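Analysis of the macromolecular model
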Amino acid sequence: MLKYILKRLGVAFMVALTVSVITFSLIYVSGDPAVALAGEAASNDEIEHIRKSYGYDRPIPVQYMDWLGRALQGDLGRSHYLKEDISDVILTRLPNTLILAGCAIAFALILSIPLGVAAAIRPNSLIDRFALTLAVVGQALPSFWFALIMMFFLGIQLRWLPISRVETWQGFIMPSIALGYYVTPGVMRLTRAGMLEVLQSDYIRTAKAKGLRPMVVLFKHALRNAIIPVVSLAAVQFGFMLGGSIVIESIFAINGLGFLAWETIQRGDLPMMQAIVLVLSLFYIVITFLADMLNAFLDPRIRVT
Amino acid sequence: MARPETQSITPSGAAPSAADKILEPSPGSQMRRRIFGHYGIMIGGTVLAAIFLIAIFAPLLTPFDPILDQDLAQKLKPPFWHDSPKYDPAHPLGTDLQGRDYLTRLVHGARISLLIGFSAMLISGVIGTALGVAAGYFGGRVDMVVNFIITTRLSMPVVLVALAVVSLIGSSLWIVIWVLGLLIWDRFAVVMRSTTMQVRNLDYVAAAQACGCSTLRIIMTEIMPNVVNHLIVVATLEMAHAILLEAALSFLGLGVQPPAPSWGLMISEAKGMMFFDPWLIGVPGAALFALILAINLLGDGVRDVTAPENRN
């Protein structure tokens, strides 16, 4: 187990390092970051001033090492636009995004796992067909359109839910559904396929033959094994949601990291943009690492090979 | 699979004869029957073909130009189902805030979505297939490196990176296509890697190696034909993915730029009028939904029809 953990940790570390290099070079995509930061109307003196004050005049590897060294100490630099410490801004915005993504993944799992199980118990039944239809339709709905439609019907027509900039729990309902429904088809299909396979296995027949109650067989024996791949998928999707919340957060004007990213990109605030991409990527790496550990804990076969 | 079909034709118990051989449906006709009997393929294929034809013949379908024919006096005409005295039969789907015919913009928008979806899918398909097949075929260190590249790519948030890059280098149709194509190859690589691994250890690959075939030849003539059905399924998924991403980018204002009639952009422009004129959002969104649904149905259908284990 220790060997497996160390190996995974090494890979995660290498990925994080590579991501940091890519993220750092992102600001050089446009050519000269000082020109991009200064804006179109800037004079040569202003550009030179920005180049000096942000250290863009130093050799690129030196800049990278300096940036990485500071980032490791929690200092992500100062925002060009907000004139504040980037770490502080990100920390104040992060909770909203975490709450949103957490609610979204919870909504997705609560909806999709029972449906997947029900569909697997009776394949080709009415409920199986309903679940399949839901999956096919769900995969084709553009999330931003779905969000607007929900906003129109539930927010404007029926006035059930607040439509934007609300930090109460009601304000999170529509965004969570809009962000979470996209994950349900994948999780449901995986649960269904896993359950179908497990239900045919010998130990389920044994458990049934022992005379265990069907519910115990279903949940304690079957679901526990079928759920293992779902853990990985849910973790990956949770990581994607943190990055994908940019669309939903900007529609509902939720003051989170995604909305911040959108504002930042529109302002051309390069240091902040770098920092957000780095933070979201690191989140993803940590989450998938934890999911791997959880999987290894649930399924001994993984950690042996 | 062929056996039970033959038996249904032959009278049971009769010795097989030359006549039975002729009666046995060829693999091609069996495949055709499976394709034409599949609801998903038929519905998805028909809708997709219709949208494709609409996109090709877009300029012939309506008398207006999607961008140039602006008339502010004609702005925000309601669509035909609104039953309003303001309705103008010349604009069956009404007009937008600039007085442009909405039907014209909708059919021209199909061109943008299909072009972006198809081109981005091709680019990502080439990258992902090359990486995936190489990893699956060579294994070992190559596999380790490719796996590492895939993991790294997956840990970068697609929408955010695409938005950042587009905002830095400026936006145009082809920039959006290339940025998306270079970002969404991961599923191609993952699927091609695992399917190539399965095919790689089969006897006919070993036979080809024993014959002294070159690696390139083995990959092109032994591996590729046997993984191509998985490739088609992923290609449809990724085409849908690219179209959705383009719509999202355009919706956020950093994809295809106005005045182009991209569906995502149309929804974005109509957002401010959601309160009084919700149909402006409904129409392009429904078109997007129909297109993605059709592509996904087709993809799911291809998987059902080609994967032997899924045949009932």
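Residues numbered from 1 in each chain as written. Chains lettered and ligands numbered in written order. Predicted model: local features only at pLDDT ≥ 70, side-chain atom pairs only at ≥ 80, totals over all residues. Heavy atoms only, no water.

**Concerning the overall build of chain B**
Counting its regular elements, chain B contains 14 helices and zero strands. Listed by position from the N terminus, the elements making up chain B come as α-α-α-α-α-α-α-α-α-α-α-α-α-α. The C-alpha radius of gyration computed for chain B amounts to 25 Å, which surpasses the reference 20 Å derived for 312 residues by more than 25%, pointing to a less compact arrangement than a globule. Overall size of chain B, expressed as C-alpha extent along the three principal axes, is 80 × 55 × 30 Å. By the burial criterion, 50% of the 312 residues in chain B qualify as buried. Of the contacts made within chain B by residues no fewer than 6 positions apart, 71% connect residues no fewer than 24 positions apart. Per element, the accessible surface of chain B, about 14700 Å² overall, is 67% carbon and sulfur. If you average the places of the 20 positive and of the 21 negative side-chain charges in chain B, the two averages end up 7 Å apart. (Helix = DSSP H or I, 4+ residues; strand = E, 2+ residues; numbered from the N terminus. Rg over C-alpha atoms; globule rule 2.2 N^0.38 Å. Buried < 20%, exposed > 50% of the residue type's maximum accessible area, 1.4 Å probe, protein only. Contact = heavy atoms within 4.5 Å. Areas by Shrake-Rupley, 256 points an atom, 1.4 Å probe, with all protein chains shown as cover. Lys, Arg positive; Asp, Glu negative; His and termini not counted. Charge placed at Lys NZ, Arg CZ, Asp CG, Glu CD.)

**Looking at the overall build of chain A**
Helix and strand counts for chain A stand at 15 helices and zero strands. Referenced to the eigenvectors of the C-alpha coordinate spread, the extents of chain A come out at roughly 85 × 60 × 30 Å. For chain A, buried positions account for 48% of its 305 residues. Considering only residue pairs separated by 6 or more positions, chain A has 73% of its internal contacts joining residues 24 or more positions apart. On chain A, roughly 15200 Å² of surface is accessible, and the fraction owed to carbon and sulfur atoms is 65%.

**Here we look at the state of the cysteines**
Put plainly, a disulfide is one covalent bond tying together the sulfur atoms of two cysteines. Residues and elements named next belong to chain B. Considering all chains together, one arrives at zero disulfides over all chains under this definition. Cys211 takes part in no disulfide bond, and the closest cysteine sulfur, belonging to Cys213, lies 5.5 Å away. Owing to a relative accessible area of 24%, Cys213 belongs among the partly exposed residues under this scheme. (Disulfide = S-S within 2.5 Å.)

**Side note on the packing of aromatic side chains**
In total, this model carries 12 aromatic pairs over all chains according to the counting rule given. Pairing Phe144(A) with Phe251(B) gives two aromatic rings, centres 4.6 Å apart and planes at 25 degrees, and the pair type is stacked. A residue pair is termed interchain when its members come from two chains, as with Phe144(A) in helix H7 (residues 143-157) and Phe251(B) in helix H12 (residues 215-251). For Phe144(A), a relative accessible area of 1% corresponds to the buried category. Overall, Phe251(B) belongs to the buried group, its relative accessible area being 3%. Put simply, the rings of Phe24(A), Tyr28(A), Tyr64(A) and Trp67(A) touch in pairs and so form one group of aromatic residues. The ring of Tyr137(B) has Arg200(B) lying over it, and the distance from NZ or CZ to the ring centre is 4.6 Å. Lying across the ring of Phe251(B), Lys271(B) places its NZ or CZ 4.9 Å from the centre. (Phe/Tyr/Trp six-rings, centres within 6.5 Å; stacked < 30°, edge-to-face > 60°. Lys NZ or Arg CZ within 6 Å of the ring centre and 35° of its normal.)

**So, H12(B)**
Residues and elements named next belong to chain B. For H12, built from 37 residues, the straight-helix expectation of 54 Å at 1.5 Å per residue is missed by more than 12%, its first-to-last C-alpha distance being only 45 Å. By the largest-angle criterion, Met224 marks the main kink of H12, which is about 55 degrees, and a proline, Pro225, follows within four residues. With its phi angle positive at about 90 degrees, Gly253 sits one or two positions after the end of H12. (Expected span 1.5 Å × (residues − 1). Bend = angle between axes of the 7 residues up to and from the residue.)

**Observations regarding unusual backbone geometry**
Pro259(B) follows Pro258(B) through a cis peptide bond whose omega is 10 degrees. Following the sequence through the fold, Pro259(B) ends up in the loop between H12 and helix H13 (263-270). For Asn124(A), which is not glycine, the phi torsion reads 65 degrees and is therefore positive. Assignment of secondary structure puts Asn124(A) in the loop between helix H5 (86-121) and helix H6 (126-140). Judged by its relative accessible area of 54%, Asn124(A) is exposed.

**Considering the nonpolar core**
Of all hydrophobic cores here, the largest spans 174 residues; its most connected members are Ile90(A), Phe144(A), Ile251(A), Phe252(A) and Ile276(A). Each of two domains, domain 1 (2-72) and domain 2 (87-267) of chain A, supplies a minimum of three residues to this core. Contact partners of Phe144(A), with chain neighbours within four places excluded, come to Val247(A), Ile251(A), Ala247(B), Ala248(B), Phe251(B), Gly264(B), Ile267(B) and Leu288(B). Ranked by size, the runner-up nonpolar core spans eight residues in total, among them Tyr284(A), Val146(B), Ile150(B) and Leu154(B). (Core = buried A, V, L, I, M, F, W, Y, C linked by side-chain atoms within 4.5 Å. Domains from an automatic or database assignment.)

**Quick notes on the interface of chain B and chain A**
With 40 residues of chain B at the contact, the number on the chain A side is 44 residues. Contact between chain B and chain A buries roughly 3600 Å² in total, counting both sides, with carbon and sulfur atoms accounting for 83%. Where Asp300(B) meets Arg189(A), a salt bridge forms, and the shortest distance between an N and an O atom there is 3.4 Å. Along the contact surface separating chain B from chain A lie four residue pairs in polar contact (both at pLDDT 80 or more). Among the secondary structure elements, those contributing two or more residues to the side of chain B that touches chain A are helix H7 (140-155), helix H8 (158-169), H12, H13 and helix H14 (279-306) of chain B. Element by element, the count of residues in the side of chain B that touches chain A is highest for H14(B), at 12 residues. Counted by class, the side of chain B that touches chain A contains 29 nonpolar, eight polar and three charged residues. (Buried area = accessible area lost by both parts, 1.4 Å probe. Salt bridge = Lys/Arg side-chain N within 4 Å of Asp/Glu carboxyl O. Polar contact = N/O pair within 3.5 Å; in protein donor to acceptor, adjacent residues only side chain to side chain. Nonpolar A, V, L, I, M, F, W, Y, C, P; charged D, E, K, R; others polar.)

**Things to note about the packing of helix H11 (residues 203-210) of chain B against H12(B)**
Residue and element names in this part refer to chain B. Remark: H11 packs on H12, axes separated minimally by 10 Å, with the N-to-C direction vectors making an angle of 175 degrees. One finds that H11 runs roughly antiparallel with respect to H12. Of the residues in H12, those in contact with Tyr204, Val205, Ala208 and Gln209 of H11 are Ile218, Glu222, Ile223 and Asn226. Class assignment of the residues belonging to the contact of H11 with H12 gives a composition of five nonpolar, two polar and one charged. (Axes fitted to C-alpha atoms, helices over the stretch in contact; angles between N-to-C directions. Parallel < 35°, antiparallel > 145°, perpendicular 65-115°, else oblique.)

**A look at the environment of Asp304(B)**
By the element assignment, Asp304(B) lies in helix H14. Looking at Asp304(B), its side chain comes within polar contact range of the side chain of His38(B), at 3.0 Å.

**Section: the confidence of the model for chain A**
In the predicted model, chain A carries a mean pLDDT of 85, and 98% of its residues have values of at least 70. When pLDDT is averaged over each element of chain A, H5(A) comes out on top at 91 and helix H15 (residues 300-304) of chain A at the bottom at 72. (pLDDT = per-residue confidence, 0-100.)

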